[in-house]
Amino acid sequence: MDNQPRTSPAASTVAAFDPRAPLPGAPSPWASSSTPNRRAGPPYHMTEMIEAEPALAVRVVDRLLATDAPRRLASALRIAAGA
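So, a few notes on the structure that sits alongside this text. (Residues numbered from 1 in each chain as written. Predicted model: local features only at pLDDT ≥ 70, side-chain atom pairs only at ≥ 80, totals over all residues. Heavy atoms only, no water.)

### Points about the overall build of the protein chain
Point 1. Assigned secondary structure in the protein chain consists of two helices and zero strands.
Point 2. Relative to its full complement of 83 residues, the protein chain shows a buried share of 10%.
Point 3. For the protein chain, the exposed surface amounts to about 7,500 Å²; the carbon and sulfur share of it is 62%. (Helix = DSSP H or I, 4+ residues; strand = E, 2+ residues; numbered from the N terminus. Buried < 20%, exposed > 50% of the residue type's maximum accessible area, 1.4 Å probe, protein only. Areas by Shrake-Rupley, 256 points an atom, 1.4 Å probe, with all protein chains shown as cover.)

### Here we look at a nonpolar patch on the surface
Point 1. A contiguous nonpolar patch, built from Leu23, Leu56, Val60 and Leu64 and spanning about 340 Å² of accessible area, is present on the exposed surface.
Point 2. Relative to the assigned elements, leucine 23 resides in the segment before α1 (45–65). (Patch = residues over 30% accessible without salt bridge, like charges linked within 9 Å, V, L, I, M, F, W, Y side chains within 5 Å. Salt bridge = Lys/Arg side-chain N within 4 Å of Asp/Glu carboxyl O.)

### Some details on the pattern of salt bridges
Point 1. Scanning the model with the defined rule gives three salt bridges in all.
Point 2. One salt bridge connects arginine 39 with glutamate 48, and the closest N-O pair in it is separated by 3.0 Å.
Point 3. Residue classification places glutamate 48 among the buried positions, given a relative accessible area of 12%.
Point 4. Each member of the salt-bridge network shares a partner with another, and the members are Asp68, Arg71 and Arg72.

### Thoughts on the layout of surface pockets
Point 1. When its volume is computed, the second largest pocket comes out at roughly 200 Å³.
Point 2. Lining the second largest pocket are Phe17, Asp18, Pro19, Ala21, Pro22, Leu23, Pro24, Glu48, Met49, Ala52, Glu53 and Leu56.
Point 3. Broken down by class, the residue content of the lining of the second largest pocket amounts to nine nonpolar, no polar and three charged. (1 Å grid on protein atoms, 1.4 Å probe; cavity = no way out; pocket = protein on both sides within 12 Å on 5 of 7 lines; lining within 4 Å. Points joined across faces, edges and corners; volume = space filled by probe spheres on them. Nonpolar A, V, L, I, M, F, W, Y, C, P; charged D, E, K, R; others polar.)

### Concerning α1
Point 1. Across its 21 residues, α1 extends 30 Å between first and last C-alpha, which sits within 8% of the 30 Å expected from 1.5 Å per residue.
Point 2. Within α1, the axis deviates most sharply at glutamate 53, by approximately 40°, and proline proline 54 lies no more than four positions further along.
Point 3. Listed in full, the buried residues belonging to α1 are Glu48, Ala52 and Ala55. (Expected span 1.5 Å × (residues − 1). Bend = angle between axes of the 7 residues up to and from the residue.)

### A short note on helix α2 (residues 69–82)
Point 1. Taking 1.5 Å of rise per residue, the 14 residues of α2 would be expected to cover 20 Å, and the 20 Å separating its terminal C-alpha atoms lies within 8% of that figure.
Point 2. Within α2, only one of the 14 residues are buried, which leaves the element largely exposed.

### Some details on the side chain of arginine 39
Point 1. With respect to the helices and strands, the residue arginine 39 is situated in the segment before α1.
Point 2. Judged by relative accessible area, which is 19%, arginine 39 ranks as buried.

Keep in mind that these numbers describe shape and distance, not what the molecule does.
Here you go:
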């Protein structure tokens with residue numbers, strides 16, 4: 001089995017998706033958003049979200065490691081485990 005993504009005729013009309021690309025900022029909490037466009041075939045939006053998960057996890061961990069959050073979490077877990 002090769003690791004090439006599956007494509008369909010519908011895929012050729014959708015812009016290339018890079019799961020490692022920076023994510024856009026969050027909108028205002030009160031701003032309405034539009035429904036994503038319907039796609040007749042793969043790749044569906046959920047497919048893209050699943051593809052982005054590993055890269056998102058790496059970015060989250062990298063940002064956390066740049067702070068003292070992991071140390072504080074470990075300390076809180078040790079305290080909770082000892083209680």
